Amino acid sequence: MSSRWYPIYQRGNPQLRVFLPNFWMKLIRPAEEQPPNVVTFSVSMEMTKYDVRNYLEKIYKLPVVDVRTRIALGDTKRDQTYGYVTKKDDVKLAYVTLPKEESFVFPEMFAEKAEKQAKEEKSLDESKEGFKRFLDRNKKRPGTPGWFSI
Amino acid sequence: MSSTLIKCFNLAKTVRAATVKGFLTSPQQQWQAWSAAALQTPHAQLHTSPARRDLMEFFDDKKHWSENEVKVGRAWRTDELRIKSNKELHQLWFVLLKERNMLMTMEHECNDKMEIFPNPERVDKVKISMENLETVVRERNKAYHLLETGETGERPQKAVKNAFGLQVNYKMCEHVLPPFMNLKWIKSRNIGFGGRAVNRFLLKYREQLYNAKRKAKNRSRNEVMMILRRNPNFDLDVLRRKFPDVNVDKLRNEDKARGHYVPKVDV
């Protein structure tokens, strides 16, 4: 039996249980400024408000006060050469309100990256310089080992 | 170099925390280490990495944020999943689900900030693991249904003809109304296809298929004859193997298979 094949729901029946949900949720940086207790998610297109609430409460054990969803239209773009129009997929966004005392700030993940990269490049340059100096020093006596020096 | 060492050390620590001999052979990914640790009920008294219960679960470990490379193990295989209990599989599914959400979140943010997402194959590994897990669950479902009801319990399918008269696989589903009461469905079947136009279409469609087949046959036949013409001593067994639908022995005596030279006659 496929795990994605459910019997039809009729009124009065028990609610259908999903044992292996395959919904996904992405936490994304909000496009507009939001109150500190509102988190923006990009979710599977099939998810409803109730699904989003259950997902966060049951799987992530997060307290959820309110969920609002909307479907954001994908951007259209006209091709520069041939003029045909391409469109990106629509996405469903969920705005989840947490309790008043909670606050979430989207983290800056690449703040240290530039610094780190500069440091790595610097050390690489230094070692390159060192090797060059070594080569220059041993130019007149090829084949001599590195330790054979004054 | 030093960061790799630290990573190895961390990995070793996690594996030691899990203290599973069998697990050493299975994937050494961190999330899998967590999952395995979570699955070890007899070893529950052992301390494992604490479960984070907040929105930071949607993000990768802080130390991986500015890394260019995040090393992980391989995906779960079906053989490894088959020896797990249903409960363990159910728990692992949610671990994988969370991991996938985390990776998708990180990928989205990287794309937004024009950064390179380190090791994107992690997403594929999670996907493969989830597919394998679902396969195993499906196998068990099938076995259970066969035992209890004598049927597989899979979604029933049947071959039906579509509006163009071509055969398609129809996946059946449950309906609220039985067919004789479902007037909308009955009306939808009376729109009148299956007549002259469909027959003409099918005739031409089948002609196309037949022509493609015929041309392919002729092509291989000609190819065999040309090979025999240019190389009179060619190994016939090789030809027979390579062109199984061509009668090589018959073609040998064809006029086209004879070269432009005087055949050597043994005196």
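All of these numbers come straight from a predicted model, not from anything done at the bench.

## With respect to the overall build of chain A
Each helix and strand counted, chain A has 2 helices and 6 strands in total. Taken against the 2.2 N^0.38 rule, which gives 15 Å for 150 residues, the C-alpha radius of gyration of chain A at 29 Å runs more than 25% over that of a compact globule. Overall size of chain A, expressed as C-alpha extent along the three principal axes, is 95 × 50 × 45 Å. Split into buried and exposed, the 150 residues of chain A put 10% on the buried side. Counting contacts in chain A only where the partners sit at least 6 residues apart, residues at least 24 apart contribute 48% of the total.

## Regarding the confidence of the model for chain B
Scored by pLDDT, chain B has a mean of 82; 78% of the residues are at 70 or more. Mean pLDDT in chain B bottoms out at helix 1 (residues 2-18) of chain B, which sits at 42, and peaks at helix 3 (residues 78-82) of chain B, which reaches 97.

## Remarks on the pairing of strand 2 (residues 167-171) of chain B
In terms of burial, strand 2 of chain B is a largely surface element, 0 of the 5 residues being buried. Where strand 1 (residues 157-161) of chain B folds back onto strand 2 of chain B in an antiparallel hairpin, the turn is made up of 5 residues, including B:Gly165, whose phi is positive at roughly 80°.

## Some details on unusual backbone geometry
All names here are of chain B. One non-glycine residue, Met-114, lies in positive phi territory at about 60°. Given 7 C-beta atoms within a 10 Å radius, Met-114 is considered exposed. In this model, Asn-119 sits at a positive phi of 50°, which is unusual for a non-glycine residue. In this fold, Asn-119 is placed in the loop between helix 4 (86-112) and helix 5 (121-149). Taking the number of C-beta atoms within 10 Å as the measure of exposure, Asn-119 has 16 and is therefore partly exposed.

## Considerations on the interface of chain B and chain A
With 31 residues of chain B in contact, the opposing surface of chain A contributes 25 residues. Going through the elements one at a time, helix 4 and helix 5 of chain B are the ones with two or more residues in the side of chain B that touches chain A. No other element matches the 11 residues that helix 4 of chain B contributes to the side of chain B that touches chain A. Looking at the side of chain B that touches chain A, its residues break down into 10 nonpolar, 8 polar and 13 charged.

Conventions and cut-offs
Residues numbered from 1 in each chain as written. Chains lettered and ligands numbered in written order. Predicted model: local features only at pLDDT ≥ 70, side-chain atom pairs only at ≥ 80, totals over all residues. Helix = DSSP H or I, 4+ residues; strand = E, 2+ residues; numbered from the N terminus. Rg over C-alpha atoms; globule rule 2.2 N^0.38 Å. Buried ≥ 20, exposed ≤ 12 C-beta atoms within 10 Å, placed from the backbone. Contact = placed C-beta atoms within 7 Å. pLDDT = per-residue confidence, 0-100. Pairing = 2+ DSSP bridges. Nonpolar A, V, L, I, M, F, W, Y, C, P; charged D, E, K, R; others polar.

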